[in-house]
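Inside the fold
Next come the chains, spelled out residue by residue.
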Amino acid sequence: MRHLRSQRREWLTTLLLLLPGFAVFLGLFVYPFIITIVLSLRPEGQTTGWTLEYYTSFLASEHGRQVIVLTFFLAIATTLFSVLLSVPLALVLRRKLRGHRFFRAVPLIPLVVPGLIGALGLLLVFGSRGWFNLFIRDVLPFIHGPIAVNYTISGLTLFYVWLYFPYTLLTTLSTLEGLDPGIEEAAQVSGANPWKVLRHVVLPLIMPGILSGSVLTFMNAFGAFSIPLVAGGNYRPLSVDVYKQIQLFVPAHWSQACAIAVIMGVLQVVFLTFYMRVLRGRKVK
Amino acid sequence: MILTYTLLVCLSIFIFSPFVLIMIKSIGKDWFGKLWLPPTLTLDWYKWAINVARLPEVMKNTIIVTGLAVAMSTIVGIFSGWAFGRRHLPGKELLMSMILLPRMIPPITYALGIARIFYGLNLVNTHFGIALAHVTLCAPYAILVMSATFEGLDERMLEAASVCGANPLRTFFHVTLPQIMPGILSSMIFTFTTSYNEFTLTLMTYGADTLTLPIRTYLAVGEGYWEVTSAMSVIMVLPSLLILFLIQRQVKPEQLVGGFKGL
């Protein structure tokens with residue numbers, strides 16, 4: 001009896017201690033999200049009535065489709081380029097070269113720096129008078145400059161890659177370092193040349209790492225807000241479109257903004273589920 | 001070998017050049033032509049940032065908001081982290097990934113809801129309100145770090161303390177606290193950077209009296225003075241880079257991927 005009571009008391013303290021965490025989760029995340037959903041279903045400015053108008057009109061409009069396609073395009077392109085950049089870099093960084101401590105710290109920088117600052121700096125570098133175009137003028141004069149990078153779709157992708165490739169690189173690198181060097185040696189001893197070892201042994205083994213890292217890059221790029229807000233120009237992905245609905249119109253288009261936010265949130269949850277699958281697959285192996 | 005170093009050096013230039021240019025822009029004068037470096041140097045833009053953009057006031061706001069957010073999330077982190085770390089909860093992993101959800105979903109998707117709720121509660125344009133919005137992102141990370149810390153707590157030392165006759169309070173201050181201090185510190189560092197750099201949620205809850213550094217910098221972009229904006233960016237980014245420099249030996253990169261900033 002006494003044992004039971006002490007057990008119950010223990011349970012009670014556990015629940016009490018969990019309370020602040022769940023209060024934050026429910027009060028500051030779930031409740032706002034529900035409010036967002038409710039607002040998206042209400043006719044603009046009213047407190048009663050239900051409508052699906054804001055979803056259908058956004059999804060059916062030319063503008064809405066463009067925004068969604070653009071968001072996916074940016075996220076996919078960023079992921080592809082991040083993988084192309086990360087795999088060779090990870091292979092290089094693994095071989096503890098001179099100064100590898102420094103080179104290893106470099107890709108951490110975009111993770112710490114707010115996207116806003118990164119975007120500003122990149123706009124300066126790639127502006128028509130920035131160092132990038134000066135480099136082309138002075139070192140590669142056969143290219144007719146200046147090349148427009150800022151506020152173009154390829155420039156925006158480049159900025160995204162700058163900010164989000166470290167997710168892919170770091171997970172790839174950590175998987176690569178977790179590999180048993182014996183496997184590669186075995187392949188070499190059996191007469192495979194370095195290229196074959198890479199292609200048939202190393203790459204398949206680090207594939208789960210590349211995959212989980214690139215899903216992270218993809219999700220971050222999909223939800224990116226400050227970079228396209230500052231450096232997007234006329235290109236508005238979903239996140240910026242949500243904000244513009246509120247900022248550009250007087251009175252603000254709350255219902256429309258909320259509907260777009262909900263679409264974005266639902267897509268993100270789908271990616272997240274996929275990511276969890278990938279992670280779980282990794283653990284089983 | 002040469003190819004390897006070319007690759008690494010190119011990457012470093014790609015990563016560093018934005019900061020270098022921001023730095024140069026912030027101290028350069030009359031830099032309009034096609035020159036690599038500005039002809040004259042000046043500190044005028046910093047003076048502008050301080051006098052015209054009233055940066056000291058903005059910094060005061062930022063410090064208050066960040067301090068409140070760190071304090072609140074650390075407290076939440078210690079309580080709930082203890083429950084996660086020391087007790088057998090059914091479905092613990094699922095609960096933890098649920099708690100971490102706000103960090104995995106772009107804040108813009110629920111920022112509108114937060115803004116609407118805070119309008120109703122008159123929390124918009126208050127330091128406490130902005131800090132509370134930041135807790136949404138900071139607390140999950142604090143809980144994650146603290147739960148790992150409590151899990152690593154050495155049970156035998158606690159038992160030894162009570163066997164030697166220490167009361168629970170004494171045990172906590174002399175045995176538990178020194179052990180969990182590194183965890184609290186790292187949770188504070190990460191919640192600090194998250195709150196200090198937070199942009200989206202602040203954008204939805206700030207007002208004229210509660211401009212923070214990221215918001216002020218963003219507004220300066222719209223005003224079009226690149227030099228002043230650069231000066232502000234330099235001031236804003238220094239703490240983050242300093243922290244990265246200080247902790248990069250202690251912290252595993254994987255931890256950074258998980259926790260350094262939201263989306």
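So, how was this worked out
Residues numbered from 1 in each chain as written. Chains lettered and ligands numbered in written order. Predicted model: local features only at pLDDT ≥ 70, side-chain atom pairs only at ≥ 80, totals over all residues. Heavy atoms only, no water. Helix = DSSP H or I, 4+ residues; strand = E, 2+ residues; numbered from the N terminus. Rg over C-alpha atoms; globule rule 2.2 N^0.38 Å. Buried < 20%, exposed > 50% of the residue type's maximum accessible area, 1.4 Å probe, protein only. Contact = heavy atoms within 4.5 Å. Areas by Shrake-Rupley, 256 points an atom, 1.4 Å probe, with all protein chains shown as cover. Axes fitted to C-alpha atoms, helices over the stretch in contact; angles between N-to-C directions. Parallel < 35°, antiparallel > 145°, perpendicular 65-115°, else oblique. Nonpolar A, V, L, I, M, F, W, Y, C, P; charged D, E, K, R; others polar. Salt bridge = Lys/Arg side-chain N within 4 Å of Asp/Glu carboxyl O. pLDDT = per-residue confidence, 0-100. Left-handed = near helix turned anticlockwise from the far one by under 90°. Buried area = accessible area lost by both parts, 1.4 Å probe. Polar contact = N/O pair within 3.5 Å; in protein donor to acceptor, adjacent residues only side chain to side chain. Phe/Tyr/Trp six-rings, centres within 6.5 Å; stacked < 30°, edge-to-face > 60°. Lys NZ or Arg CZ within 6 Å of the ring centre and 35° of its normal. Core = buried A, V, L, I, M, F, W, Y, C linked by side-chain atoms within 4.5 Å.

**Quick notes on the overall build of chain A**
Scanning chain A for helices and strands turns up 13 helices and 0 strands. The order of α-helices and β-strands along chain A, N terminus first, is α-α-α-α-α-α-α-α-α-α-α-α-α. A compact globule built from 285 residues would reach a C-alpha radius of gyration of about 19 Å, whereas chain A, at 24 Å, exceeds it by more than 25%. Viewed in the frame of its principal axes, chain A has a C-alpha envelope of about 75 × 70 × 30 Å. Out of the 285 residues belonging to chain A, those deemed buried represent 52%. Taking all contacts inside chain A whose residues are at least 6 apart in sequence as the whole, residues at least 24 apart take part in 71%.

**Re the overall build of chain B**
Across its full length, chain B carries 13 helices and 2 strands. If you line up chain B on its principal axes, its C-alpha atoms span 75 × 60 × 35 Å. Looking at the 263 residues of chain B, the share that counts as buried comes to 53%. Across chain B, contacts joining residues at least 24 apart in sequence account for 70% of those joining residues at least 6 apart. Looking at chain B as shown, the accessible area adds up to about 12100 Å², and 69% of this sits on carbon and sulfur atoms.

**Describing the packing of helix α2 (residues 44-51) of chain B against helix α12 (residues 226-247) of chain B**
Each pair of packed helices can be summarised by the angle the axes make with each other and by the distance between the axes. Residue and element names in this part refer to chain B. The geometry of α2 relative to α12 is characterised by a closest axis approach of 8 Å and an angle of 80° between their N-to-C directions. By the criterion of interaxial angle, the relationship of α2 to α12 is roughly perpendicular. Along the contact surface, α2 presents W45, Y46, W48 and A49, while α12 presents E227, V228, A231, M232, V234 and I235. Residues that form the contact of α2 with α12 fall into these classes: 9 nonpolar, no polar and 1 charged.

**Some details on the environment of A:V125**
Checked against the element boundaries, A:V125 lands in helix α6 (residues 115-126). Separated by 24 residues in the primary sequence, A:V125 and A:V149 have C-alpha atoms spaced 9.7 Å apart. Beyond its immediate sequence surroundings of up to four residues, A:V125 is in contact with A:G130, A:W131, A:F132, B:S17, B:P18 and B:L21.

**Regarding the pattern of salt bridges**
One pass over the full model with this rule turns up 7 salt bridges over all chains. A:D241 is paired through a salt bridge with A:R236; the nearest N and O atoms lie 3.1 Å apart. Under the relative-accessibility criterion, A:D241 is labelled buried at 0%. A salt bridge links B:E223 to B:R216; the shortest N-O distance between them is 3.7 Å. The exposure class assigned to B:R216 is buried, which follows from its relative accessible area of 10%.

**Topic: helix α11 (residues 213-223) of chain B**
What sets the pattern is the α-helix's 3.6 residues per turn: residues three or four places apart point alike. Taken as a whole, α11(B) has its buried residues at B:L213, B:P214, B:I215, B:R216, B:T217, B:Y218 and B:A220. Phi for B:G224, located one or two positions after α11(B), is positive at around 90°.

**Regarding the confidence of the model for chain A**
Here chain A averages 88 in pLDDT, while 97% of its residues score no lower than 70. The least confident element of chain A, judged by mean pLDDT, is helix α4 (residues 100-105) of chain A at 82; the most confident is helix α3 (residues 62-94) of chain A at 93.

**A word on the confidence of the model for chain B**
The predicted model of chain B has a mean per-residue pLDDT of 86, with 93% of residues at 70 or higher. pLDDT under 50 marks residues 259-263 of chain B. Its contacts with residues more than four places away, or in other chains, come to 30 contacts.

**So, the packing of helix α6 (residues 108-120) of chain B against helix α7 (residues 127-151) of chain B**
All names here are of chain B. Running from N to C, α6 and α7 point in directions that differ by 150°, and their axes come no closer than 11 Å. Taken as axis vectors, α6 and α7 run roughly antiparallel relative to one another. Crossing of α6 against α7: the hand is right-handed. Counted together, Y110, I114 and F118 of α6 and G129, L132, A133, T136 and L137 of α7 form the full contact between these two elements. Split by residue class, the contact of α6 with α7 holds 6 nonpolar, 2 polar and no charged.

**Remarks on unusual backbone geometry**
Residue and element names in this part refer to chain B. One non-glycine residue, N122, lies in positive phi territory at about 55°. Positive phi, close to 65°, is recorded for N125, a residue that is not glycine. Among the secondary structure elements, N125 is positioned in the loop between α6 and α7.

**As for the interface of chain A and chain B**
With 86 residues of chain A at the contact, the number on the chain B side is 89 residues. Of the roughly 8000 Å² buried at the junction of chain A and chain B (both faces included), carbon and sulfur atoms supply 82%. Per-residue buried area on chain A facing chain B is highest for A:L28, A:V112 and A:W131; these three make up 9% of the total on that side. Taken together, chain A and chain B are joined by 0 salt bridges. Run the count over chain A and chain B and you get 9 residue pairs in polar contact (both at pLDDT 80 or more). Here the side of chain A that touches chain B takes 19 residues from helix α1 (residues 2-41) of chain A, the largest share from any one element. By residue class, the composition of the side of chain A that touches chain B is 64 nonpolar, 15 polar and 7 charged.

**Details of the packing of aromatic side chains**
Overall, the coordinates contain 24 aromatic pairs over all chains when judged by the stated rule. Taking the centre distance of 4.9 Å and the plane angle of 80° together, the rings of A:F29 and B:Y110 count as edge-to-face. With one member in each of two chains, A:F29 in helix α1 and B:Y110 in helix α6 form a pair that bridges those chains. Just as A:F29 is buried, B:Y110 falls in that class too. Taking the centre distance of 6.1 Å and the plane angle of 15° together, the rings of A:F102 and B:F16 count as stacked. With A:F102 in helix α4 and B:F16 in helix α1 (residues 2-27), the pair connects residues from two separate chains. Judged by its relative accessible area of 45%, A:F102 falls in the partly exposed class. Ring pairing ties together the aromatic residues A:F25, A:F29, A:F33 and B:Y110, which thus form one cluster. Positioned above the aromatic ring of A:W50, the side-chain terminus of A:R42 is 4.4 Å from the ring centre. The lysine or arginine in question, B:R116, covers the ring of A:W254, its NZ or CZ lying 4.8 Å from the ring centre.

**Thoughts on the nonpolar core**
Core analysis: the largest hydrophobic core is formed by 150 residues, its most contacted members being B:L112 and B:F118. Per-element tally for this core: the top contributor is helix α8 (residues 153-177) of chain A, with 13 residues. Setting aside residues up to four positions removed in sequence, B:L112 forms contacts with A:T36, A:V242, A:I246, A:W254, A:A257, A:C258, A:A261 and B:M204. If you look at the next biggest cluster of nonpolar residues, it comprises 8 residues, including B:M146, B:L153, B:V175 and B:I180.

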